[in-house]
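# Structural overview for review
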Amino acid sequence: MMNQKTVLHQDTTEIKNYEKYKKLFARYNVPTELLHELFVEYDAKATDIGNCIEVSCNEDTWRIYPKPDGREVELKHNNYVSNFFGERYFRKGYHKQTIHDKSLAGALAYIMKYDYKKLHHPEKTFAANITKIFTEQFEKELEG
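Residues numbered from 1 in each chain as written. Predicted model: local features only at pLDDT ≥ 70, side-chain atom pairs only at ≥ 80, totals over all residues. Heavy atoms only, no water.

### Examining the confidence of the model for the chain
Defined as follows: The quantity known as pLDDT measures the predictor's confidence residue by residue, on a range of 0 to 100. Only runs of H or I of at least four residues qualify as helices and only runs of E of at least two qualify as strands under DSSP, and these elements are numbered from the N terminus.
Looking at the chain, pLDDT values average 79 and 76% of them are 70 or higher. The secondary-structure element of the chain with the lowest mean pLDDT is helix 1 (residues 4-11), recorded at 51, while helix 4 (residues 104-113) shows the highest, at 94.

### Quick look at the pairing of strand 4 (residues 73-82)
Condition: Strands were regarded as paired on the criterion that DSSP finds at least two bridges between them.
Inspection of the sheet shows strand 3 (residues 60-66) paired to strand 4 by five bridges, in the antiparallel sense. The residue bridging Ile-64 from the neighbouring strand is Leu-75, located in strand 4. Linking strand 3 back to strand 4 in an antiparallel pair, the connection comprises six residues, with Gly-70 at a positive phi of about 75°. Two elements, strand 4 and strand 5 (residues 88-96), share six bridges in a ladder whose sense is antiparallel. When the sheet's bridge partners are listed, Lys-76 is paired in strand 5 with Lys-96.

### Some points on helix 4
This is how the line gets drawn: Here the term buried applies to any residue with accessible area under 20% of the maximum for its type, exposed to any over 50%, and partly exposed to those in between, with areas from a 1.4 Å probe on protein chains only.
Most of helix 4 sits inside the fold, with seven of its ten residues counted as buried. Taken residue by residue, helix 4 has Leu-104, Ala-105, Gly-106, Ala-107, Leu-108, Ile-111 and Met-112 as its buried positions.

### Overview of the nonpolar core
Rules: Residues belong to one nonpolar core when they are buried, are Ala, Val, Leu, Ile, Met, Phe, Trp, Tyr or Cys, and are joined through side-chain atoms within 4.5 Å.
Phe-25, Val-30, Leu-38, Ile-64, Leu-104, Leu-108 and Ile-111 are the most contacted members of the largest nonpolar core, which totals 27 residues. It is helix 4 that provides the largest number of residues to this core, a total of six residues.

### Concerning the packing of helix 3 (residues 32-41) against helix 4
What counts here: Note on geometry: axes are C-alpha line fits, over the in-contact stretch for helices, and angles between N-to-C directions span 0 to 180 degrees. Roughly parallel covers angles under 35 degrees, roughly antiparallel covers those over 145, roughly perpendicular covers 65 to 115, and oblique covers all other angles. Two helices cross in a left-handed way if the nearer one is turned anticlockwise from the farther one by less than a right angle. They cross in a right-handed way if the turn is clockwise. Whether two residues touch is decided by their heavy atoms; if any such pair falls within 4.5 Å, the residues are in contact. Polar here means any residue outside two lists: the nonpolar Ala, Val, Leu, Ile, Met, Phe, Trp, Tyr, Cys and Pro, and the charged Asp, Glu, Lys and Arg; Gly therefore counts as polar.
In contact at an axis separation of 10 Å, helix 3 and helix 4 are set at 30° when each is read in the N-to-C sense. The angle between helix 3 and helix 4 places the two elements in the roughly parallel class. Classified by chirality, the crossing of helix 4 by helix 3 is left-handed. Where helix 3 abuts helix 4, its residues Leu-34, Leu-35, Glu-37 and Leu-38 lie against Ala-105, Leu-108, Ala-109, Ile-111, Met-112 and Lys-113. A breakdown of the residues in the contact of helix 3 with helix 4 according to their chemical character gives eight nonpolar, no polar and two charged.

### Thoughts on the pattern of salt bridges
Charged atoms that come close allow side chains of opposite charge to pair. Which entries qualify depends on this criterion: Put simply, a salt bridge is a Lys or Arg side-chain nitrogen that is within 4 Å of an Asp or Glu carboxyl oxygen.
Enumeration over the complete set of coordinates arrives at four salt bridges. Arg-63 is the partner of Glu-54 in a salt bridge, and the nearest nitrogen-oxygen pair spans 2.9 Å. Close ionic contact of Lys-96 with Glu-74 constitutes a salt bridge, the shortest N to O distance being 3.8 Å. Residue Lys-96 is located in strand 5, and its partner Glu-74 is located in strand 4; the two are separated by 22 residues in the primary sequence. With relative accessibility at 58%, the residue Lys-96 sits in the exposed group. In this structure Glu-74 comes out as partly exposed when scored by relative accessible area, which is 23%.

Now the structure itself:
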């Protein structure tokens, strides 16, 4: 079992901010096991960018904004657009991500488990788009 110091030293991209991360994760009661899973097993990277921490995991980038109450955070997700086939393209900026567990541990767990392909099922998106097009065309033909 790794301790939190080992996990954070090994897995954050900014070792110089170790003490800041340590205090933040301690203040929000983030379990070392969760940090290990996110930063070691999922190969996430964290960067301190001032008023928030940016976490990159898989294809996505997230920003976590701690709230002054010391209990909740706001999670933002990188913007993207998806095409007809369900493929996505990243754009500038971030949007607020709705999460049920607004704790830091909850946000980190959400980031770790987020999978765009499983969530949006591109093959179903494509099938739904094709079905919609044919249905609309069929309805127009019936009307005309």
